[in-house]
Amino acid sequence: MATIRRVVDRRLFLHRNISRTSVSRFFKTSSSSRTVMPAWVIDKYGGNDVLRFTKNASFPVITYPNEVIVKVFAAGLNPIDVSMRGGYGAATMSTKRDPLNINQKGSEFPLTLGRDVSGVIMECGLDVKYFQERDEVWAAIPPWKQGSLAEFVVLSANEVSLKPKSLSHTEAAAIPYVATTAWSALVNTGGLTKDNCAKKRVLIIGGSGGVGTFAIQMLKAWGAHVTVTCSQNAERFVRKLGADHVVDYAAGPVEVPLAALDKFDLVLDNIGGSTERWALNLLKPWSGAKYVTLVTPFLQNTDALGIADGMLKTAATVASKALKHLVKGVHYRWGFFAPSGPALDEIREMVDAGQVHAVVEETFSFAQVPQAFAKVEKGHARGKTVVQINVGTDDA
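In this report, we go over the structure that sits alongside the text. (Residues numbered from 1 in each chain as written. Predicted model: local features only at pLDDT ≥ 70, side-chain atom pairs only at ≥ 80, totals over all residues. Heavy atoms only, no water.)

This part covers the sheet that holds strand β10 (residues 245-248). In spatial order, the strands read β10-β9-β8-β11-β12-β13; together these six strands make up an open sheet with parallel pairing. The open sheet has two free edges, formed respectively by β10 and β13 (331-334), since each of these has just one partner strand. Each strand axis lies, on average, 15° off the axis of its neighbour in the sheet, ignoring direction. Two elements, strand β8 (residues 201-205) and strand β11 (residues 266-269), share four bridges in a ladder whose sense is parallel. Across the sheet, I204 pairs through a bridge with L268, a residue of β11. (Pairing = 2+ DSSP bridges. Helix = DSSP H or I, 4+ residues; strand = E, 2+ residues; numbered from the N terminus. Axes fitted to C-alpha atoms, helices over the stretch in contact; angles between N-to-C directions.)

Here it is, written out as structure tokens:
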């Protein structure tokens, strides 16, 4: 309870003491006067052809008193949006949306994708104490909620944070999902903090994508030594972000040059596949070293086997792997995205202090959402893909 109180008090303090950017534009819409809005939706799972633009998407409604409605200025796309478009995680997300299984199959449609949002609060629920209308905010949207590829979105106030003053909405939309994913993996699962990270040796497998680029900057800001695997043409890019050592995965078996280096305190795996067969051998044994992978079979298991059997298989898998490696003196862990306004509060401070920068690879207009998905689907990203929605419009 004391920890919760400290987080609440800190957020209240931050909100009262951060000078807000003035938002002089007048809101011409409200939940009481509108029932529909423009959005990109899908009505079934599939390829890029299932994306559909509509001007008649349901306007979000505050259902719980701790929710806020945000007018979306920019939305960031992530590989999970492409995966969800194809149905990845559908069983788990349906259970999360409808735990009592009251609704019929397919009730999630029309579904709006997009996990990153930067915008302005338009309306607050009665219990919201830390925000008010016209606050500029950013957030990472949980995958079981309607996403940000729409003019408005509703979120829990616990998922929202005041936007960094030093970033535009387009830049801000490039950070929340990858930042909270990296934070969850490195801090919540990996046990790293700004107070214990100095001189720690960290290996990031797949360092040029969204999560990797953020993790490099965060770890360097905390004083860690960071080694990264990526392609040769991304080496200059990740070194500019702060990577101390870079290994080209295309030059041959990447485990060979990595094995010649000093052992690591933590390995963050963004690639998966066969990586874990050799990556755990790179950790310092019997020193609390951890391997944290963001590529897990949890959603695949639940999609294929159903919730109960999928969770049972998942638990058995992670338990057996953890035990197998624990006897060798290293810790095996799975990392997951976790939405968190308080984590974004911390990250905002790092951004405004110049320790972390937004890495936007390409921007698209709201009309170009299918092209943005095609770009993300190609992979080999050098940062984030962002869709500009209300930025620069007269009614923003």
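The structure having been displayed, the exposition proceeds.
Relative to the assigned elements, E159 resides in the loop between β6 (152-156) and β7 (160-162). Only 3.0 Å separates the side chain of E159 from the side chain of K145, close enough to count as a polar contact. Aside from chain neighbours lying at most four places away, what touches E159 is W138, A139, A140, P142, K145, P339, G341 and L344. (Polar contact = N/O pair within 3.5 Å; in protein donor to acceptor, adjacent residues only side chain to side chain. Contact = heavy atoms within 4.5 Å.)

This brings us to the packing of aromatic side chains. A full pass over the atoms with the stated rule returns seven aromatic pairs. Judged by centre distance (5.9 Å) and plane angle (85°), the rings of F53 and F366 are edge-to-face. Taken together, the positions of F53 in strand β2 (residues 51-58) and F366 in the loop between β14 (360-365) and α13 (369-378) put the pair 313 residues apart, joining distant regions of the chain. Judged by its relative accessible area of 38%, F53 falls in the partly exposed class. The buried category is assigned to F366, whose relative accessible area is 14%. The structure contains a cluster of three or more aromatic residues connected by ring pairs, namely W40, F53 and F366. (Phe/Tyr/Trp six-rings, centres within 6.5 Å; stacked < 30°, edge-to-face > 60°. Buried < 20%, exposed > 50% of the residue type's maximum accessible area, 1.4 Å probe, protein only.)

The next subject is helix α5 (residues 176-189). Counted at 1.5 Å a residue, the expected span for α5 with its 14 residues is 20 Å, and the 18 Å between its end C-alpha atoms agrees. For α5, the buried fraction is high: 13 of the 14 residues fall into the buried class. (Expected span 1.5 Å × (residues − 1).)

Quick look at the pairing of β6 now. Within a regular strand, side chains alternate between the sheet's two faces. Among the five residues that make up β6, four are buried, leaving the element largely enclosed by the rest of the structure. With five bridges joining them, strand β3 (residues 67-77) and β6 adopt antiparallel strand pairing. Bridging across to β6, K71 finds its partner in F152.

Let us now look at helix α6 (residues 210-221). One turn of an α-helix holds 3.6 residues; hence residues three or four places apart share an orientation. Compared with the 16 Å implied by 1.5 Å per residue over 12 residues, the 17 Å span of α6 between its first and last C-alpha is a close match. For α6, the buried fraction is high: 10 of the 12 residues fall into the buried class. All of the buried residues along α6 are G210, V211, G212, T213, F214, A215, I216, Q217, M218 and L219. Downstream of α6 by one or two residues, G223 has phi in the positive range, about 95°.

The next subject is the pattern of salt bridges. Pairs may arise between side chains of opposite charge once their charged atoms sit close together. Under the defined criterion, the tally for this structure stands at 13 salt bridges. The closest approach of N and O atoms between K145 and E159, which form a salt bridge, is 3.0 Å. With K145 in the loop between β5 (136-140) and β6 and E159 in the loop between β6 and β7, the pair connects residues that are 14 residues apart, well separated along the chain. The closest approach of N and O atoms between E361 and K375, which form a salt bridge, is 2.7 Å. Taken together, the residues span a long stretch of sequence, with E361 in strand β14 and K375 in helix α13 at a distance of 14 residues. What makes K375 buried here is its relative accessible area of 17%. (Salt bridge = Lys/Arg side-chain N within 4 Å of Asp/Glu carboxyl O.)

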